[in-house]
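Topology and contacts: notes
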Amino acid sequence: MGDTHINSNKVKSILKILDELYPDPQCSLNFENPLQLMVATILSAQCTDERVNIVTPALFDKYRSAQDFARAPLDELEQDIKSTGFYHNKATAIRESAKIISERFDGEVPRDMETLVGLPGVGRKTANVILGNAFGIPGIAVDTHVSRVSVRLGLTRAKDPNKIERDLSALLEKSIWVKFSHQLIQHGRRICTAKKPRCSICLLQPHCDYGMDQATAKF
Ligand code: SF4
C-alpha cells in the first residue's frame, strides 16, 4: 500500500514550489535519439551526467546504430567509455542490449517497460528515463536523488526504488511524472544534498518532514 495518509495540500504546496524553483527541468544527459539516451543512461550509473556528456560525443560519432554497438569489440568499447567507471560491466550491458535491439527489434529501442527491463543493464529507472525523455511516455525515474528527497519530504516511507516509484505514482498526476523526477533531481543536486541538506535555505522546508524535524530540534 502507498502512503495514503499524506495530506493533499502538502503535495500541492510541494509541487507549486518545485514549479517555481525549477519551471522547465530537463534531462541533463545529452542525446539525439532513444538509443543514445539508453547508452548514456547506462553510462550514468555511479557517474556524473557531466562526465557522461564529455564521453558521449565521440562515442556517438563512432557508433551510430545498435548494430555498431553490437559489433564493437568489447575491449575497444571498454576503452571508449573507461572514464565513466565500471567500464567492463557497462560495455557488456551496452553491447548485449544493442545486440538484442539489433536482432529482435530491427535496431529500434523498444518503447514499453516490460521489454526495456528485459535488456541487460536496463532496470526500471533507466527504462523510465528512456520512456519519459525519448518517447514522452510518463514514468517516474527513481534515482538516488529522487529516493532521498522524496523520503525526506515525507512523500514515501519506502526504501526500495520500485516501491518509491509506486508510492509517488499513486500521489501524482501522470502528466507531471517526468517533470517531477527532474525537479527532485535538481533539488537533490543543489539544495537537498546527500551529505548535508541545506534546510535553512530550502523553500520546501515548511512542507518537509525532515526539514521540520530539523527546525524543531533547534528549539
Ligand atoms: S527542507 Fe531539507 S530535507 Fe527537506 S527538501 Fe529541503 S533541504 Fe531537503
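Residues numbered from 1 in each chain as written. Predicted model: local features only at pLDDT ≥ 70, side-chain atom pairs only at ≥ 80, totals over all residues. Heavy atoms only, no water.

1. Looking at the site of the ligand
Inclusion rule: Nearness is judged by heavy atoms alone; a residue qualifies as near a molecule or strand once a single heavy atom is within 4 Å of it. Labels follow the DSSP assignment, with helices taken as runs of H or I lasting at least four residues and strands as runs of E lasting at least two, numbered in each case from the N terminus. As a working rule, the residues Ala, Val, Leu, Ile, Met, Phe, Trp, Tyr, Cys and Pro are called nonpolar, Asp, Glu, Lys and Arg charged, and the rest polar, with Gly in that last group.
As a structural note, the neighbourhood of the ligand is formed by 13 residues, with Cys192, Cys199, Cys202, Cys208 and Tyr210 the closest of them. Elements represented by at least two residues in the shell around the ligand include exactly helix H9 (144–153) and helix H12 (209–217). Taken together, the residues of the shell around the ligand break down into 8 nonpolar, 3 polar and 2 charged.

2. Considering helix H11 (residues 177–190)
This is how it is decided: Expected span of a helix, by definition, is 1.5 Å for each gap between consecutive residues, and there is one gap fewer than residues. Burial classes: relative accessible area under 20% of the type maximum marks a residue as buried, over 50% as exposed, and values in between as partly exposed (1.4 Å probe, protein chains only). Note on contacts: a residue pair is in contact if any heavy atoms of the two residues lie within 4.5 Å.
Taking 1.5 Å as the rise per residue, H11 with 14 residues should run 20 Å; its terminal C-alpha atoms sit 20 Å apart, in good agreement. Listing the buried residues of H11 in full gives Trp177, Val178, Phe180, Ser181, His182, Gln183, Leu184, Ile185, Gln186, His187 and Gly188. The inward-facing, buried residues of H11 contact helix H1 (8–21), helix H8 (124–134), H9 and helix H10 (161–171).

3. Here we look at the packing of aromatic side chains
Quick note on the threshold: Only centres within 6.5 Å qualify two rings of Phe, Tyr or Trp (six-membered ring in Trp) as a pair; their planes then separate them into stacked at under 30 degrees, edge-to-face at over 60, and tilted for everything else. Throughout this description, the term charge over a ring refers to an Arg CZ or Lys NZ atom that lies within 6 Å of the ring centre and within 35 degrees of the ring normal.
Evaluation of the coordinates by the stated rule reveals 1 aromatic pair. Between Tyr63 and Phe69, the aromatic rings sit 4.9 Å apart at their centres with planes inclined by 25 degrees, giving stacked as the arrangement. This pair shows no difference in class: Tyr63 is buried, exactly as Phe69 is. Between Arg152 and the ring centre of Tyr210, over which it is positioned, the NZ or CZ distance is 5.3 Å.

4. Quick notes on the packing of H9 against H11
Any two packed helices are characterised by how steeply their axes cross, that is the angle between the axes, and by the distance between the axes. Let me state the cut-off plainly: Lines are fitted to the C-alpha atoms to define the axes, a helix being fitted only along its stretch in contact, and any angle between axes, read from their N-to-C directions, falls within 0 to 180 degrees. Any angle that is under 35 degrees is reported as roughly parallel, and any over 145 degrees as roughly antiparallel; angles of 65 to 115 degrees are reported as roughly perpendicular and all others as oblique.
Relative orientation of the contacting elements H9 and H11 amounts to 85 degrees, with a least axis distance of 8 Å. Taken as axis vectors, H9 and H11 run roughly perpendicular relative to one another. Two secondary-structure elements touch here, H9 through His145, Val146, Arg148, Val149, Ser150 and Leu153 and H11 through Ser181, Leu184, Ile185, His187, Gly188 and Arg189. Grouping the constituent residues of the contact of H9 with H11 by class yields 5 nonpolar, 5 polar and 2 charged.

5. Quick word on the pattern of salt bridges
Rules: Put simply, a salt bridge is a Lys or Arg side-chain nitrogen that is within 4 Å of an Asp or Glu carboxyl oxygen.
With the rule as written, the count across this model stands at 10 salt bridges. Two residues, Arg64 and Asp61, come together in a salt bridge whose shortest N-O distance is 2.6 Å. Here Glu165 ties to Arg124 by a salt bridge, and the two come within 2.6 Å at their closest N and O atoms. One end of the pair, Glu165, is in helix H10; the other, Arg124, is in helix H8, with 41 residues separating them in the sequence. It is possible to trace a salt-bridge network through shared partners that takes in Lys62, Glu76 and Asp80.

6. Quick look at the side chain of Asp167
Selection rule: Definition of a polar contact: a pair of N or O atoms within 3.5 Å, with one able to donate and the other able to accept a hydrogen when the atoms are protein atoms, and with sequence-neighbouring residues admitted only if both atoms are side-chain atoms.
Tracing the sequence through the fold places Asp167 in helix H10. Within the structure, Asp167 has its side chain in polar contact with the side chain of Thr156 (distance 2.7 Å).

7. Re the side chain of Gln183
In this structure, Gln183 sits in helix H11. At 2.9 Å, the side chain of Gln183 and the side chain of Asp19 are in polar contact. Sequence-distant contacts of Gln183, that is, excluding residues within four places in its chain, are made with Leu18, Asp19, Tyr22 and Pro25.

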